[in-house]
Structures are given as C-alpha cells and as structure tokens.
Amino acid sequence: MKKINDTHTSDHQFRLPFSVLEVIISVAVLIIGIFYLIETLPLASMASGSQVGPGGFPLGIAIITVTLTSLLLISSVIKLIKQTDSHHVTFHRFIYVLISTGIIVLIGGNLESLGAFFGTWIMATGIMFCCGERGLRLFILPPCIGAAIYVIFVIALGVYFP
C-alpha cells in the first residue's frame, strides 16, 4: 500500500513571523490602552480618593496596560530588529488568535449581564480552548480563575459590577 504524504496542508498555510505579529498586536493594544486611559481621566477626578472606586480602578488598569504593552512593544521591536525569533504563526493559529480576541471583546461587552464570576469563567474557558487545552485543566482552571477574580475584586476590594 502506498503511503500518502500530507504536505499540501503546510504549503498553503499563511505564515507570519511571530515577532511581526507581536509588534502588530502590541501596537493595536497600545492604541486601545491609550484610548482607554484618555477615557478614564475624567473618571479619576470624580473619584473620592478614599477607596478603589469608579475613577481610580480604571485609571490604574489603563496605566498598567499602557506600561506593560509599551514594554512588550519595545521587546518585540528589538527581537524583530535582531531577528532572534525564528518562530512563525501559521494560518490556523492566527485564526485562533482572532477567535480569542473575539471572545475577549464579546465577554467584555457583556460583562454587566454575565457578572465577574461567570464572565471570567467563560472567557478563560474559550481562550484556553483556542490555545489547545483539551484536558481536565480546561474544566478546573477557568472556574478557579473566575472565583479568584470575584474574591479579589468583589469581596476584597468592593468593586461591584452593575
């Protein structure tokens, strides 16, 4: 019996260097983070300052996001210039990245109706599934992450979602 090689699937896949994808995503997230930071500045002036509230919390998240994304962008540009990263993202992984991004946007847009616990649980499950997790961790880690977010933000910090 003749063995059939399945090389045609790898020949037609879209390949993008991982460092280029990192730069593209970093720039996109940095733009969103800066927009979010600008939107939170008026909220910071309305906050009482005594508790984590509607002004301080989003401003803190925005500052952390912009700072960390800037560091990732700098690191990605350095890797791109030095060409030290030989990894490529193939088309099917690129689709998973887009699906994961869609999950984050959908959950973020519906967090009010889902709540902190279930929203985080569903988002973590979707992203872990897109990243290739198929084991028992797919059923154990997301509810633990949801519970941790709920305990930290709702119980400990008193940040309630409407």
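Quick note: structure is the one above.
Now for a description of the structure that goes with this document. As the structure is a prediction and not an experimental result, all values here were calculated from the model. (Residues numbered from 1 in each chain as written. Predicted model: local features only at pLDDT ≥ 70, side-chain atom pairs only at ≥ 80, totals over all residues. Heavy atoms only, no water.)

Quick word on the side chain of Ser 26
So the rule is basically this: Numbering goes from the N terminus for both helices and strands, where a helix is a DSSP run of H or I of at least four residues and a strand is a run of E of at least two. The buried label goes to any residue with under 20% of its type's maximum accessible area, the exposed label to any with over 50%, and the partly exposed label to all in between, with areas taken from a 1.4 Å probe on protein chains only.
Tracing the sequence through the fold places Ser 26 in helix α2 (residues 18-46). Relative accessible area serves as the criterion here: at 1%, Ser 26 is assigned to the buried category.

Observations regarding helix α3 (residues 56-82)
The criterion, for reference: For a helix, the expected span equals 1.5 Å multiplied by the residue count minus one.
The terminal C-alpha atoms of α3 lie 39 Å apart, and with 27 residues this matches the ideal 39 Å at 1.5 Å per residue to within 8%. Turning to α3, its buried residues number three or more, namely Pro 58, Leu 59, Ala 62, Val 66, Thr 69, Leu 73 and Ser 76. Remark: Gln 83 follows α3 within two positions and exhibits a positive phi of approximately 50°.

Focus: the packing of aromatic side chains
Selection rule: Aromatic pairing here means that ring centres of Phe, Tyr or Trp (its six-membered ring) are within 6.5 Å. Orientation follows from the plane angle: under 30 degrees is stacked, over 60 is edge-to-face, and everything else is tilted. By definition here, charges over rings are those cases where NZ of Lys or CZ of Arg is within 6 Å of the ring centre and within 35 degrees of the ring normal.
Under the defined criterion, the tally for this structure stands at three aromatic pairs. Here the aromatic rings of Phe 117 and Phe 118 are separated by 5.0 Å at their centres, their planes lie at 70°, and the arrangement is edge-to-face. We classify Phe 117 as partly exposed; its relative accessible area is 24%. Look at Phe 117 and Trp 121: their rings are 5.4 Å apart centre to centre, the planes differ by 70°, and that puts the pair in the edge-to-face class. You can see Phe 117 and its partner Trp 121 sitting in helix α5 (residues 111-130), four residues apart, about one turn around the helix. Each residue in the set Phe 117, Phe 118 and Trp 121 is aromatic and connected to the rest through ring pairs, giving one cluster. Sitting above the plane of the Phe 129 ring, Arg 134 keeps its charged end 3.7 Å from the centroid.

A word on helix α6 (residues 137-156)
Operational definition: Bend, at a single residue, is the angle you get between axes fitted to the 7 residues ending at that residue and the 7 residues starting at it. Contact between two residues is taken to exist if any of their heavy atoms lie within 4.5 Å; hydrogens are not considered.
The largest bend in α6 is about 25°, located at Tyr 150. Residues of α6 that are buried: Leu 138, Pro 142, Pro 143, Gly 146, Phe 153 and Val 154. Summarising the contacts, the buried residues of α6 are in contact with α3 and α5. Gly 158 sits one or two residues past α6 and shows a positive phi near 75°.

Structural notes on a nonpolar patch on the surface
The criterion, for reference: Excluding any residue in a salt bridge, patches collect residues exceeding 30% relative accessible area, merging like charges within 9 Å and nonpolar Val, Leu, Ile, Met, Phe, Trp and Tyr side chains within 5 Å. Working definition of accessibility: Shrake-Rupley area with a 1.4 Å probe, residue cover restricted to the visible protein chains. Any carboxyl oxygen of Asp or Glu within 4 Å of a side-chain nitrogen of Lys or Arg constitutes a salt bridge here.
Together, Ile 64, Leu 68, Leu 71, Ile 74 and Ile 78 make up an exposed nonpolar region whose accessible area comes to about 480 Å². Looking at the element boundaries, Ile 64 is found in helix α3.

Digging into the packing of α5 against α6
Rule in force here: Axes here mean lines fitted to C-alpha atoms, for a helix over just the part in contact, with angles spanning 0 to 180 degrees between N-to-C directions. Less than a right angle of anticlockwise turn of the near helix away from the far helix marks a crossing as left-handed, whereas a clockwise turn marks it as right-handed. Three classes are used, and their members are as follows: Ala, Val, Leu, Ile, Met, Phe, Trp, Tyr, Cys and Pro are nonpolar, Asp, Glu, Lys and Arg are charged, and the others, Gly among them, are polar.
Where α5 contacts α6, the two axes come as close as 8 Å, and the packing angle between them is 145°. Of the two possible hands of crossing, α5 and α6 adopt the one that is right-handed. On α6, the residues touching Ala 116, Phe 117, Thr 120, Trp 121, Ala 124, Thr 125, Met 128 and Phe 129 of α5 are Arg 137, Leu 138, Leu 141, Pro 142, Pro 143, Ile 145, Gly 146, Ala 147, Ile 149, Tyr 150 and Val 154. Residues of the contact of α5 with α6, tallied by class, amount to 15 nonpolar, three polar and one charged.

Notes on the environment of Ile 78
Within the secondary structure, Ile 78 sits in helix α3. For Ile 78, a relative accessible area of 42% translates into the label partly exposed. Along the primary structure Ile 78 and Ser 19 are separated by 59 residues, whereas in three dimensions their C-alpha atoms are 9.1 Å apart.

Quick look at the environment of Phe 118
Note that Phe 118 resides in helix α5. In this structure Phe 118 comes out as partly exposed when scored by relative accessible area, which is 47%. Linking Phe 118 and Ala 147, residues 29 residues apart in sequence, is a C-alpha distance of 8.8 Å.

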